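# Secondary and tertiary structure notes
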Amino acid sequence: MKVIICGAGRVGYGIAERLSQEANDVSVIDTSPSLINVIRDTLDVRGYVGHGAHPDVLARAGAAEADMIIAVTLYDEINMTACQVAHSLFSVPTKIARIRAQSYLAPHYSDLFSREHLPIDVIISPEMEVGRMVLRRIALPGATDAVRFADERVTMVAIECNEECPVVNTPLEQLSELFPDLKATVVGIWRNEQLFVPRSGDQLEIGDLAYVISDQEHVRRTLGLFGHEEQEAARIVIAGGGNIGLHVARSIEARQTRTRIRIIEHNRERAVKIADELQRTVVLHGSSLDQQILTEADIHDADLMVALTNDDQVNILSSVMAKRLGCKANLTLINNPSYQDFTRTLGIDAHINPRAVTISRVLQHVRRGRIRGVYSVQQGQAEVIEAEALETSPLVGMPLRDLQIPDGVRIGAVLRGSAVLRPEGEMRIKAKDRVVMFATVQAVRHVEQMFRVSLEFF
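Note that the structure is a prediction, hence the values are computed from the model and not measured. All residue numbers refer to positions counted from 1 along the written sequence of the respective chain. The model is predicted, so local features are restricted to residues of pLDDT at least 70 and side-chain atom pairs to those at 80 or more, both for listing and for counting; the totals for chains, interfaces and linings are taken over all residues. Side-chain numbers here rest on the full set of heavy atoms in the structure, without hydrogens or water.

### Side note on the UniProt feature "domain: RCK C-terminal" (unreviewed entry) in the chain
- Feature annotation in UniProt assigns "domain: RCK C-terminal" (unreviewed entry) to the following positions: residues 144-228 and 372-453.
- Put simply, DSSP H or I for four residues or longer makes a helix, DSSP E for two residues or longer makes a strand, and each gets a number counted from the N terminus. Annotated as 16% helix and 36% strand, the span residues 144-228 places its first and last C-alpha atoms 11 Å apart. UniProt positions are given in the numbering used here, feature names are shortened, and annotations may be inferred rather than shown by experiment.

### What about the sheet that holds strand 18 (residues 371-377)?
- Here the rule is simple: two strands pair whenever DSSP picks up at least two bridges between them. The sheet built from five strands is open, its strands ordered 18-19-22-20-21 with antiparallel pairing. Among the strands making up the open sheet, the edge pair consists of strand 18 and strand 21 (419-421). Looking at each pair of strands side by side, their axes are set apart by 20 degrees on average, direction ignored.
- With three bridges joining them, strand 20 (residues 409-416) and strand 21 adopt antiparallel strand pairing. In the sheet register, arginine 416 faces strand 21, and the bridge partner there is alanine 419.
- Where helix 14 (residues 354-366) meets the sheet, it contacts strand 18 and strand 19 (382-388), and its direction lies at approximately 145 degrees from that of strand 18. Axis angles are defined between N-to-C directions and span 0 to 180 degrees, where every axis is a line fitted to C-alpha atoms and, for a helix, only to the segment in contact. Contacts: residue pairs with any heavy atoms within 4.5 Å of one another.

### Structural notes on the pairing of strand 5 (residues 94-98)
- Counting buried positions along strand 5 yields four of five residues, so the element is predominantly enclosed.
- Bridging between strand 4 (residues 68-71) and strand 5 involves four bridges; their strand directions are parallel. Counted as the bridge partner of isoleucine 69 is lysine 95 from strand 5.
- Following the backbone out of strand 4, through helix 4 (residues 76-90) and into the adjacent parallel strand 5, one traces a crossover that is right-handed. For every residue, the accessible area (1.4 Å probe, protein chains only) is compared with the maximum for its type, and the residue is labelled buried under 20%, exposed over 50%, or partly exposed between those bounds. Viewed with both strands pointing away, a crossover whose connecting path from the first strand over the helix to the second turns clockwise is right-handed.

Dropping the structure here:
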């Protein structure tokens, strides 16, 4: 696949890195010579210095032969114009744009991005994607990561195995025997800075981070079996009243009438604005690093601190301060990947990486075959993938135990109609089944091949 990426920042670099690893033909455009030099020196891609919306620059990058353009510069207007030029002058089939300004995304303006106006096939709003991720994490206390698939009937959760975890030192195959009605499968393990797909005879160890794919209705039971029975937060303090913080507070107000929310916002004008928009949320003007402000927010009595400012250092420090002042848990937004490696030692319970969330959304539309959903874990070392099985798929018809599933792939759940099934040796995948699986980065291409439409299908 030939792909043009406009923007060589963290998101653009991450997308280019993933696609180039899978032998795609990737070109990256950015106005910064230094960013282009870095991407040329470190990745197997072509780099072009120039404006991503200018026709001559797109032409030099090979837009006439491109299958897809992904516009992720810092400016919405450049991203939109780049997609328009790619469509009008070069007939690029698929156009993806990152758009931050919420005014463009208002429901009554939804026709703006139709083919008759601004022909963008996929709109990605990082703030809304991260906001939805925060809400999923809040709903599943005890999980360090959580993503839903298959019309929200299947959930992947990352669970830390601490000293109280009842299932450590137990072969995974025995877990299935002990809990035969539990629709949950351990599909990946992060241990000693290494990620691997376990075999049936492997055991979990203290300190492991287990990736589990489960029926949505069995997630809380699964967390309990791993020793995590934390209750959902009833008192939440949010640091940062930007688009993400406002979205989270508004959604909680709409869904959870008993949850008490307080927002700390350092900009007075913004604080007044969001206070007018929210109904039951208390908005405090001040810094989340100010102990007096945290005390006014009743941080000592809070169940959860959610740090969502634009400053990683403020997010990390305010989360640490909150726990030392008595807050039970924290969830922290961290953009810089170099900070993410030592969060646990500082007392950060869980963090969200906006870059990873955005890249996962883009990959969902880049993947070949009937791929319906993608989520990247451990900075791209593996993906959780939802794919639809077709009649010509090599998975269809044979018992799972007889299939030659590539190393690095483990099926976690199958959605058949409205029923979630746990994969077992005698199970046979049927056409139209939706399969949710875990795949290491080296195995992703094999997954795509398993779910591609062969010529015989036509």
